[in-house]
Amino acid sequence: MTDTSAEIQSNAMLPCPGCKQPLKLMLDEGAPVRACEKCKGIWVDVIDEKVLFQIKPEVFTVDEIRRLRRLYKPMGKLEEVRLRVCPACKELMYRKNWGGHSGVVVDRCAQHGSWYDEGEVEKIREYVRLGGIEFEKLSLTEQGLSGLQSKLNNEVTRLDIRIDSAYRRARLWNLLVF
Ligand SMILES: [Zn+2]
Ligand SMILES: [Zn+2]
C-alpha cells in the first residue's frame, strides 16, 4: 500500500472534537469548513482560516483604538479547561486566545486547523470589525517601543556614570598638577 495518508485524510470524514459525530463539509462566507450539526461548532483547515475572517475592520484612529482597549480581553484565567484532540491527527490541541485579545479561546492544531465552538466565529468577526487586529499591532509596537526606551535609559545611565567618573578624575588631575 502506498502512503497517501495525507491525501486521504484531507477528504476523509473527520470526527467532531466534541461529540465525535462526523463533521459535514459546508461553506461559511466562502471558506470551506466542517460543521458539527449537534455541537454547532466548526472545524476549519489551517489554509482556509484566513478566508473565514476576511472582514474589513472599521477605520479607527490610534486614539480610538487605545480607547477600545477595554473591550479587548487578554488571556485570563481559563474557565474550565477541556482539552480536545485534533480530528485529523488525534493529538491534543492547544488553546489560544484568538488574535491575542479577542477573549475567544479556540482549540488549535498547528498542522491541521482550528475548532470553533458555537458562536465563537461570530465573536471573532466582531473583534476584527472593531479593530482588534489593529489593536494587536499597536500594542506589539508599543511594547517594542517601551523595551527600546528602557534599553536606551540604561545606556544613558551607564554613560552618565562613566562621564561622571572621568570628570572627577580629570578634576583630581588638575588639582594635582596645578
Ligand atoms: Zn459535535
Ligand atoms: Zn492535527
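Here goes a summary of the coordinates provided. (Residues numbered from 1 in each chain as written. Chains lettered and ligands numbered in written order. Predicted model: local features only at pLDDT ≥ 70, side-chain atom pairs only at ≥ 80, totals over all residues. Heavy atoms only, no water.)

Looking now at the coordination of the zinc ion (ligand 2). Each pair of donors in an ideal four-coordinate tetrahedral metal site encloses 109.5 degrees, whereas pairs in an ideal six-coordinate octahedral site enclose 90 or 180 degrees. For the zinc ion (ligand 2), the full set of protein donor atoms is Cys-86 (SG), Cys-89 (SG), Cys-109 (SG) and His-112 (ND1), and the range of their distances to it is 2.0 to 2.4 Å. Geometry at the zinc ion (ligand 2) is tetrahedral, judged from the four donor atoms that bind it and their angles of 100 to 115 degrees at the metal. (Donors = N, O, S within 2.8 Å, 3.2 Å for Na, K, Ca; no water. Tetrahedral: all angles 85-135°; square planar, octahedral: opposite > 155°, others 65-115°.)

Looking at the zinc ion (ligand 1), the protein donor atoms are Cys-16 (SG), Cys-19 (SG), Cys-36 (SG) and Cys-39 (SG), and they sit 2.2 to 2.3 Å from it. Relative to the metal, the four donor atoms surrounding the zinc ion (ligand 1) lie at angles of 103 to 116 degrees, and the coordination shape comes out tetrahedral. Within one chain, the residues serving as donors to the zinc ion (ligand 1) are arranged as C-x2-C-x16-C-x2-C. Of this pair, Cys-16 sits in the loop between α1 (5–11) and β1 (24–28) while Cys-39 sits in the loop between β2 (31–35) and β3 (42–45), and the two are 23 residues apart along the sequence. Taking the relative accessible area as the measure of exposure, Cys-16 reaches 0% and is therefore buried. (Helix = DSSP H or I, 4+ residues; strand = E, 2+ residues; numbered from the N terminus. Buried < 20%, exposed > 50% of the residue type's maximum accessible area, 1.4 Å probe, protein only.)

We now examine helix α4 (residues 120–129). Residues Glu-120, Val-121, Ile-124, Arg-125, Tyr-127 and Val-128 constitute the buried set of α4. The arc that holds every buried residue of α4, seen down its axis, measures 160 degrees, which confines them to one face. Among the residues trailing α4, Gly-131 stands out with phi positive, at a value near 80 degrees. (Arc of directions from axis to C-beta.)

Before going further, it helps to examine the pairing of β1. In this sheet, β2 lies alongside β1 in antiparallel orientation, the contact comprising five bridges. Counterpart to Leu-27 in the pairing with β2 is Pro-32. Hairpin connection of β1 to β2: two residues between the antiparallel strands, including Glu-29 at a positive phi of 50 degrees. (Pairing = 2+ DSSP bridges.)

Residues Val-81, Leu-83 and Leu-92 make up a contiguous nonpolar surface patch of about 290 Å² in total accessible area. Mapping Val-81 onto the fold places it in the loop between α3 (62–67) and β4 (94–97). Residue Val-81 is classed as exposed on the basis of its relative accessible area of 52%. (Patch = residues over 30% accessible without salt bridge, like charges linked within 9 Å, V, L, I, M, F, W, Y side chains within 5 Å. Areas by Shrake-Rupley, 256 points an atom, 1.4 Å probe, with all protein chains shown as cover. Salt bridge = Lys/Arg side-chain N within 4 Å of Asp/Glu carboxyl O.)

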